[in-house]
Amino acid sequence: MKLIITIISNKDIDKVLEALSRAGFSATKISTTGQFLEGGHSCIFIGVDAEKIENVFDVLHNNVTKRIVRQQGVQSTLAGTLLKQPVDVEEYGGVAFIIDVEDFRKF
């Protein structure tokens, strides 16, 4: 048994949860804050048998979107520099961690 902890952009979260459910995977969403993704994100916990991990990642890859976002450039004390100009940055739509589960019980 494995526990997949994903951090997904809130822009994709509803689509991901619906797709996981359609594929037969149970998931729990937890609202979070942090620095993995800008613009809001949530954690999804997915308990899955080890042989089904790739099936979960297929669902995730098909429902999470990479985006190009505009961010402010680096602050600088140099006069006349272009560092403060906005730049386009690729933002990943999700991050995942896979954890071994030693014991699992329903009650």
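Rules of the game
Residues numbered from 1 in each chain as written. Predicted model: local features only at pLDDT ≥ 70, side-chain atom pairs only at ≥ 80, totals over all residues. Heavy atoms only, no water. Helix = DSSP H or I, 4+ residues; strand = E, 2+ residues; numbered from the N terminus. Buried < 20%, exposed > 50% of the residue type's maximum accessible area, 1.4 Å probe, protein only. Contact = heavy atoms within 4.5 Å. Areas by Shrake-Rupley, 256 points an atom, 1.4 Å probe, with all protein chains shown as cover. Core = buried A, V, L, I, M, F, W, Y, C linked by side-chain atoms within 4.5 Å. Arc of directions from axis to C-beta. Salt bridge = Lys/Arg side-chain N within 4 Å of Asp/Glu carboxyl O. Pairing = 2+ DSSP bridges. Axes fitted to C-alpha atoms, helices over the stretch in contact; angles between N-to-C directions.

**Here's the deal with the overall build of the protein chain**
Check the secondary structure of the protein chain and you find two helices and six strands. When the helices and strands of the protein chain are read in sequence order from the N terminus, they spell out β-α-β-β-α-β-β-β. Looking at the protein chain residue by residue over its 107 residues, the buried ones come to 30%. Partitioning the contacts of the protein chain with sequence separation of at least 6, the portion at a separation of at least 24 is 67%. By element, 52% of the accessible surface of the protein chain is carried by carbon and sulfur atoms, the whole surface being about 7500 Å².

**Observations concerning the nonpolar core**
Judged by nonpolar contacts, the single largest core of 15 residues is most densely connected at Ile-4, Leu-20, Ile-44, Ile-46 and Val-56. Mapped by element, the contributors of at least two residues to this core are strand 1 (2–9), helix 1 (13–22), strand 3 (41–48) and helix 2 (53–63). Beyond its immediate sequence surroundings of up to four residues, Val-56 is in contact with Ile-4, Leu-20, Phe-25, Ile-46 and Val-48.

**Some remarks on the environment of Ile-99**
Secondary-structure assignment places Ile-99 in strand 6 (residues 94–100). Separated by 94 residues in sequence, Ile-99 and Ile-5 have C-alpha atoms that sit 7.9 Å apart. Once residues within four sequence positions are removed from consideration, Ile-99 is found in contact with Met-1, Lys-2, Leu-3 and Ile-5.

**Focus on helix 1**
Here helix 1 has its buried residues at Ile-13, Val-16, Ala-19 and Leu-20. In a view along the axis of helix 1, the buried residues occupy a sector of 135 degrees, so they form one face of it. Away from its buried face, by an angle of more than 90 degrees, helix 1 presents the exposed residues Asp-14, Glu-18, Ser-21 and Arg-22. Here the buried face of helix 1 lies against strand 1, strand 2 (27–32), strand 3 and helix 2. One or two steps after helix 1, the chain reaches Gly-24, where phi turns positive at roughly 90 degrees.

**Comments concerning the pattern of salt bridges**
One pass over the full model with this rule turns up three salt bridges. Ionic pairing is found between Asp-100 and Lys-2, a salt bridge with its closest N-O pair at 2.1 Å. Residue Asp-100 is found in strand 6, and its partner Lys-2 is found in strand 1; the two are separated by 98 residues along the sequence. When the shortest N-O distance is used, the salt bridge between Arg-22 and Glu-18 registers 3.0 Å. Within this pair, Arg-22 and its partner Glu-18 are both found in helix 1, separated by four residues, close to a single helical turn. Across this residue pair, the class does not change: Arg-22 and Glu-18 are exposed.

**Re the sheet that holds strand 3**
What the four strands build is an open sheet, ordered 2-3-1-6; its pairing is antiparallel. Edge positions in the sheet fall to strand 2 and strand 6, since each of these pairs with one other strand and no more. Taken over all neighbouring pairs, the strand axes of this sheet differ in orientation by 20 degrees on average, direction set aside. Examined bridge by bridge, strand 2 and strand 3 share six bridges and lie antiparallel to one another. Residue pairing for strand 3: Ser-31 is matched across the bridge by Ser-42.

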